[in-house]
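# Secondary and tertiary structure notes
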Amino acid sequence: MESWLKISCVLCIFGFLREMRPSEPYHAEIMLSQFYQFTHDEVNRFVYPIGTYSQLTLLIFVFLMTDWLRYKPVIIANATAGVVIWGAWIFTTTLPVLQATEVLYGFYSATEVAYYSYIYAKVDKQFYPKVTSHTRAATFVGKLVAGLLAQLVIGLQWLNLKHLFYITILPQFLALLWAFGLPKVTKSLYFHSKDDTDSGEVKEDSKLSVTKKVSQALELIWWHFRSAYTNPLVVQWSLWYAVNYAGYQQITTYMQVAWNSFEDKPTVVWNGAVDAALTLLSAVFALIAGYFHAGRLQPRTSLILMALLSVLEGCCVLLSCWTSNIYLSYLGFVLYGGLFAFAITVASSELAGSLQEDSFALVFGFNTFVALCIQCVMTFVVISESADLKLNVFQQFTVYAFYYIVMGVLHFTVVPLKYIWICSKGLRKKTQFNQATVGAP
């Protein structure tokens with residue numbers, strides 16, 4: 001087996017174990033159950049928002065520390081946080097402790113960047129597409145297995161809801177042990193751009209002071225940032241990526257609370273099966289998007305497709321929150337997840353085609369930061385008591401649905417305006433050329 005493939009397989013095992021979290025599809029159900037007896041309002045307004053705010057606060061710091069520490073220590077910290085979080089959830093009984101674990105969960109989410117960026121420091125650029133597909137596939141498989149396992153355990157009543165926390169902590173602990181066995185990274189993109197194992201460069205690199213290293217790294221970060229975001233196409237697709245991803249994060253975070261609020265809840269809660277179906281459909285739609293996008297969609301066609309997908313995503317969210325039938329809500333959510341996977345894959349492909357390879361992590365990291373900023377604004381305005389809107393969970397999801405619909409309508413409006421502007425600009429140039437030709441001796 002080739003070395004790059006070995007490293008990819010080793011990392012994918014970690015990714016699979018990390019995503020093996022059977023409690024996730026039932027997290028709100030567990031917190032609202034007789035085992036904990038938190039209220040809908042407490043979970044919706046005082047627990048989940050803290051995870052969002054925490055992730056936003058830590059994301060930039062974690063991104064820089066991931067590069068400085070060269071990935072592996074942050075991966076170990078991520079796995080350790082997973083063990084602590086699920087261990088705390090098993091024993092927590094008070095709202096302040098639950099809120100504290102949400103702060104740590106924000107760190108757990110933020111440090112996910114180390115998993116996705118580690119592989120690029122260990123393999124040659126020619127293998128980037130393959131290892132990217134491997135790491136993504138590992139997470140999809142982990143989520144799929146977790147959802148099916150959770151549904152099997154709850155559907156057949158083998159265990160109760162709280163036992164899902166015990167099942168989840170085992171793969172988190174195995175992921176921690178596995179993380180210690182990951183190969184060491186000798187270089188990183190910004191702070192350690194030179195390989196420490198290169199004997200000819202070790203002495204020179206060791207003479208660099210920490211201050212100079214930081215200065216050089218920040219200069220390189222700024223250069224990558226400026227070269228990326230002075231490109232109009234990068235700005236356009238980054239904005240769309242961030243706006244769409246923010247909506248997805250918000251909807252997937254609070255969907256379980258909405259389902260728990262239905263009056264006609266089934267005896268068997270199907271959250272695990274729905275999560276598995278969402279994961280499977282997302283993987284299929286992402287593959288389809290990659291196939292159709294490979295040289296088949298022109299930039300203008302992609303924008304029109306994005307506008308259409310945004311409207312359809314909004315309609316699926318409306319189906320999830322306006323219906324009184326929870327099974328139709330399940331259907332709307334699964335379809336929404338598939339459409340999102342298709343749309344975000346197209347947006348990522350458009351972005352990747354407009355970027356230098358070395359700036360991938362920075363741009364996608366910054367776009368995620370912008371998405372979290374948007375999500376925090378949505379959380380504060382729609383959910384927080386400070387805004388005093390007092391919307392119930394179904395009204396909140398109505399806001400998210402029209403957020404997507406309005407975004408789609410704006411894209412539909414921008415595309416023809418952009419086309420008219422380009423045509424008028426071309427016509428002016430042609431007129432000027434003709435006038436210059438006529439006036440020439």
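Structure: see above.
What counts and what doesn't
- Residues numbered from 1 in each chain as written.
- Predicted model: local features only at pLDDT ≥ 70, side-chain atom pairs only at ≥ 80, totals over all residues.
- Heavy atoms only, no water.
- Helix = DSSP H or I, 4+ residues; strand = E, 2+ residues; numbered from the N terminus.
- Buried < 20%, exposed > 50% of the residue type's maximum accessible area, 1.4 Å probe, protein only.
- Contact = heavy atoms within 4.5 Å.
- Areas by Shrake-Rupley, 256 points an atom, 1.4 Å probe, with all protein chains shown as cover.
- Patch = residues over 30% accessible without salt bridge, like charges linked within 9 Å, V, L, I, M, F, W, Y side chains within 5 Å.
- Salt bridge = Lys/Arg side-chain N within 4 Å of Asp/Glu carboxyl O.
- Core = buried A, V, L, I, M, F, W, Y, C linked by side-chain atoms within 4.5 Å.

Moving on to the overall build of the chain. From N to C terminus, the chain includes 16 helices and zero strands. The burial tally for the chain puts 48% of its 441 residues in the buried class. Taking as baseline every contact in the chain between residues at least 6 positions apart, the subset at least 24 positions apart corresponds to 82%. If you sum the accessible surface of the chain, you get close to 20,900 Å²; carbon and sulfur atoms cover 68% of it.

A cluster of nonpolar side chains, Tyr53, Val377, Phe380, Val381 and Leu389, forms an exposed patch at the surface whose accessible area comes to about 430 Å². No other element matches the three residues that helix H15 (residues 360-383) contributes to the nonpolar patch. With respect to the secondary-structure elements, Val377 resides in helix H15. For Val377, a relative accessible area of 51% translates into the label exposed.

Right, let's get into the nonpolar core. Of all hydrophobic cores here, the largest spans 81 residues; its most connected members are Ile251 and Phe397. Here the element with the most residues in this core is helix H11 (residues 232-260); it accounts for 14 residues. Of all hydrophobic cores here, the second largest spans 27 residues; its members include Ile7, Val123, Val131 and Ala175.

Next up on the list: unusual backbone geometry. Even without being a glycine, Arg70 presents a positive backbone phi close to 65°. Among the structural elements, Arg70 can be located in the loop between helix H3 (40-69) and helix H4 (72-91). The buried category is assigned to Arg70, whose relative accessible area is 19%. The phi angle at Tyr71 is positive, at roughly 70°, despite the residue not being glycine. Among the secondary structure elements, Tyr71 is positioned in the loop between H3 and H4.

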